[in-house]
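Spelled out, the chains give:
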Amino acid sequence: MGKIILNSKNLTKSYQNGDRRLVVLNRINLKLEAGTITTIIGESGSGKSTLLNVLSSLDTFDSGKLLIENEDIKSFNEKKISSFRNEKIGFIFQFHHLLPDFTVMDNVLMPLWIKKGFGQYERPLDLLSDFGLLKIKDKYPDEVSGGERQRVAIIRSIVNKPKILFADEPSGNLDEKNSAKLIDLFKRINRDFNMTIMLTTHNPSIAKIGNNLYELKSGELIKR
Ligand SMILES: Nc1ncnc2c1ncn2[C@@H]1O[C@H](COP(=O)(O)OP(=O)(O)OP(=O)(O)O)[C@@H](O)[C@H]1O
Ligand SMILES: [Mg+2]
């Protein structure tokens, strides 16, 4: 096995629903090897989004340990967590949340503006060009197709060169052609930037693109 970039030990997460406690993640042990693609499947409600939110440090957990690049996430305060996340983690939400009042170009510049200040940067242009989206750079999100919006959201999530990219059901409601483009995009990001990727999906063909496939069931991760 190569370098382990993320390591979860007996990670447990539950929600309090009224007087009942729902254990969504039950002692999850998972090691992500740097530069690999991991895919997660599971029924609706099985906890896939919860798993991604917790592993990406967007959400807290009850017990267990989470190490990202050997750093213990639980030991961080709020400020440290957000700068750590900004530095190392990319996240693509199921609903891409592009900012409607900004053009495609400005949407992908946004993470750099937040990190380094307002201005022009080369990298988003290069990425848009690489992925055939240069022609829509000055359009607004509601003027481009769903598949294009999804790819813009992916580019936006990688402009800061995160170490790990989490994607929660990125194929959403894409048709077959756009799903194929999406798979190609993830493979290229993984290969060209050696980025570690973890994604959830209901789509069987996307589930197969990774190095490792797990099913989340009854709070446990089962290797498939
Ligand atoms: N904030 C919350 N408070 C209480 N229960 C929650 C909360 N968020 C999620 N849950 C519950 O936790 C379980 C797992 O939800 P989660 O969203 O992680 O599932 P999922 O596998 O991503 O489902 P889907 O495939 O529909 O997106 C569900 O039973 C859900 O109702
Ligand atoms: Mg979900």
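You'll find the structure just up there.
Residues numbered from 1 in each chain as written. Chains lettered and ligands numbered in written order. Predicted model: local features only at pLDDT ≥ 70, side-chain atom pairs only at ≥ 80, totals over all residues. Heavy atoms only, no water.

Participant: Whenever I open this one, the packing of aromatic side chains confuses me. Can you help?
Facilitator: The description of two aromatic rings rests on the distance between their centres and on the angle between their planes. Under the defined criterion, the tally for this structure stands at four aromatic pairs. Ring geometry for Phe-76 versus Phe-84: centroids 5.2 Å apart, planes at 65°, classification edge-to-face. Judged by its relative accessible area of 5%, Phe-84 is buried. Aromatic side chains Phe-91 and Phe-93 sit 4.6 Å apart centroid to centroid with 35° between the ring planes, which places their arrangement in the tilted category. Relative accessible area serves as the criterion here: at 15%, Phe-91 is assigned to the buried category. By relative accessible area, which is 35% here, Phe-93 ends up partly exposed. Put simply, the rings of Phe-91, Phe-93 and Phe-166 touch in pairs and so form one group of aromatic residues. Residue placement shows Lys-74 over the ring face of Phe-61; its charged tip is 4.0 Å from the ring centre. The ring of Phe-193 carries Arg-123 above its face, with NZ or CZ at 5.2 Å from the centroid. (Phe/Tyr/Trp six-rings, centres within 6.5 Å; stacked < 30°, edge-to-face > 60°. Buried < 20%, exposed > 50% of the residue type's maximum accessible area, 1.4 Å probe, protein only. Lys NZ or Arg CZ within 6 Å of the ring centre and 35° of its normal.)

Participant: Quick question: what am I supposed to make of the site of ligand 1 here?
Facilitator: Near ligand 1 lie 14 residues; those nearest to it are Ser-44, Gly-45, Lys-48, Ser-49 and Thr-50. A distance of 3.3 Å separates an oxygen atom of ligand 1 from a polar side-chain atom of Glu-169. A distance of 3.1 Å separates an oxygen atom of ligand 1 from a polar atom in the side chain of His-202. For ligand 1, whose accessible area on its own is 630 Å², the fraction buried by protein is 62%. Counting only elements with at least two residues in the shell around ligand 1, the list comes to β1 (4–17), β2 (20–33) and α1 (48–55). Element by element, the count of residues in the shell around ligand 1 is highest for α1, at three residues. Of the residues that constitute the shell around ligand 1, the class distribution is three nonpolar, eight polar and three charged. (Near = heavy atom within 4 Å. Polar contact = N/O pair within 3.5 Å; in protein donor to acceptor, adjacent residues only side chain to side chain. Areas by Shrake-Rupley, 256 points an atom, 1.4 Å probe, with all protein chains shown as cover. Helix = DSSP H or I, 4+ residues; strand = E, 2+ residues; numbered from the N terminus. Nonpolar A, V, L, I, M, F, W, Y, C, P; charged D, E, K, R; others polar.)

The quantities given are spatial measurements derived from coordinates; they are silent on function.
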